[in-house]
Each structure stands twice: as C-alpha cells, then as structure tokens.
Amino acid sequence: KAFTLERDPKDEPYLSLAIAVGASYLVSRDKDLLDLRNDKDFRARYPGLTILDPVAFLEAIAGEENASSPTMDEA
C-alpha cells in the first residue's frame, strides 16, 4: 500500500500498483483518481505519475510519438 485514498479505498490498489512499478501514466475514468490531478500534495509526492482519462492519454502519447518521430527535413 503506497498511498491511502480515503475518499475511495477501492481505488487504492490501482494507485498503489502504479506507484510501486513507477508507472508514468494511470489511465482511468474514475473521478476520485482523476481528481488527484488537482491535489498539490499528491503531485509533489508523485511527480512522475500522470493520471489521465483515456482520451487525454491517447492525445498525450500521440504527442510523444510526434515529438520523437523525425520530420521530413530530418529524415
């Protein structure tokens, strides 16, 4: 148990697993988990973990892929 989520203890295992494995992303539609994005203490404690809904996650990884792909000028 890496983190206690008093607001919704059923979500704790997913959050703890993401923290334990050093995940970069936790993708969920759960409001309690998504609300942690606005929790300053949580973000300060786990800066490497980004919690996103599925659409935002797809946009984020698409942006990462575009940033790492060579442009026509570089290829």
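None of these values were measured; they are calculated from a predicted model. (Residues numbered from 1 in each chain as written. Predicted model: local features only at pLDDT ≥ 70, side-chain atom pairs only at ≥ 80, totals over all residues. Heavy atoms only, no water.)

Peer 1: Describe in detail helix H4 (residues 54-68), supporting the description with residues and values.
Peer 2: Taking 1.5 Å of rise per residue, the 15 residues of H4 would be expected to cover 21 Å, and the 21 Å separating its terminal C-alpha atoms lies within 8% of that figure. Sitting at the head of H4, Asp53 places a side-chain oxygen 3.0 Å from the backbone nitrogen of Val55. (Helix = DSSP H or I, 4+ residues; strand = E, 2+ residues; numbered from the N terminus. Expected span 1.5 Å × (residues − 1). Polar contact = N/O pair within 3.5 Å; in protein donor to acceptor, adjacent residues only side chain to side chain.)

Peer 1: How would you explain the pattern of salt bridges if you had to name every residue and give the values?
Peer 2: Counted under the stated rule, the structure contains three salt bridges. Residue Asp32 pairs with Arg7 through a salt bridge whose shortest N-O separation is 2.4 Å. Here Asp32, found in helix H2 (residues 31-34), pairs with Arg7, found in the segment before helix H1 (12-20); they are 25 residues apart in sequence, far enough to count as distant. We classify Asp32 as buried; its relative accessible area is 16%. For Asp35, the salt bridge goes to Arg7, with nearest N and O atoms at 2.4 Å. Linking Asp35 in the loop between H2 and helix H3 (40-45) with Arg7 in the segment before H1, this pair joins segments that are 28 residues apart in sequence. Taken together, the salt bridges that share partners define one network made up of Arg7, Lys31, Asp32 and Asp35. (Salt bridge = Lys/Arg side-chain N within 4 Å of Asp/Glu carboxyl O. Buried < 20%, exposed > 50% of the residue type's maximum accessible area, 1.4 Å probe, protein only.)

Peer 1: Tell me what's going on with H1, and back it up with residues and numbers.
Peer 2: Every buried residue of H1 is accounted for by Glu12, Leu15, Ser16, Ala18 and Ile19. Taken down its axis, H1 places every buried residue within 160 degrees of arc, on the same side. Of the residues in H1, the exposed ones pointing more than 90 degrees away from the buried face are Tyr14, Leu17 and Ala20. Along its buried surface, H1 packs onto strand E1 (25-27), H2, H3 and strand E2 (50-52). Among the residues trailing H1, Gly22 stands out with phi positive, at a value near 70 degrees. (Arc of directions from axis to C-beta. Contact = heavy atoms within 4.5 Å.)

Peer 1: Explain the side chain of Asp11 to me, using residue names and the numbers behind them.
Peer 2: Of note, Asp11 is situated in the segment before H1. Buried and unpaired, Asp11 has no salt bridge, with Lys10 as the nearest side chain of opposite charge at 6.8 Å. Not counting residues up to four positions away in its chain, the partners in contact with Asp11 are Leu5, Asp30, Asp32 and Leu33. (Lys, Arg positive; Asp, Glu negative; His and termini not counted.)

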